Amino acid sequence: MVAVFEGRLDTAAAAETGKALAPLYEANGRDIIFDCNALDYISSSGLRLLLGVLKAAKPQGSQVTITGINDDLRQVFALTGFTNLFNFT
């Protein structure tokens, strides 16, 4: 299962994005990839969405991988400790 993010994943986009991510909560052992190649910015609201999917997916045996983050996003993930939670490629 792949979720592609583009532009800004901020508070304004979080509600709509959360609805779009809802099927990932039922991953049932299928791996999830967050494709962030076109993502420019992520806020705490966006990070919460990703964490919610991770918390639902792991007990089901799913792996969650984040791919394509730029250096600015990598710094945000590092500062928040998310680099210890997710797989990155």
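Going by the structure above, here's the rest.
Conventions used here
Residues numbered from 1 in each chain as written. Predicted model: local features only at pLDDT ≥ 70, side-chain atom pairs only at ≥ 80, totals over all residues. Heavy atoms only, no water. Buried < 20%, exposed > 50% of the residue type's maximum accessible area, 1.4 Å probe, protein only. Helix = DSSP H or I, 4+ residues; strand = E, 2+ residues; numbered from the N terminus. Arc of directions from axis to C-beta. Contact = heavy atoms within 4.5 Å.

To continue, consider helix α1 (residues 11-21). Where α1 is concerned, the buried positions are Ala14, Thr17 and Leu21. One side of α1 carries all its buried residues, which in axial view fall inside an arc of 85°. When the buried face of α1 is taken as reference, the exposed residues oriented beyond 90 degrees from it are Ala12, Ala15, Glu16 and Lys19. Looking at the buried positions of α1, the neighbouring elements they touch are β1 (2-9), β2 (32-42) and α2 (44-57).

Positive phi, close to 50°, is recorded for Asn28, a residue that is not glycine. In this structure, Asn28 sits in the loop between α1 and β2.

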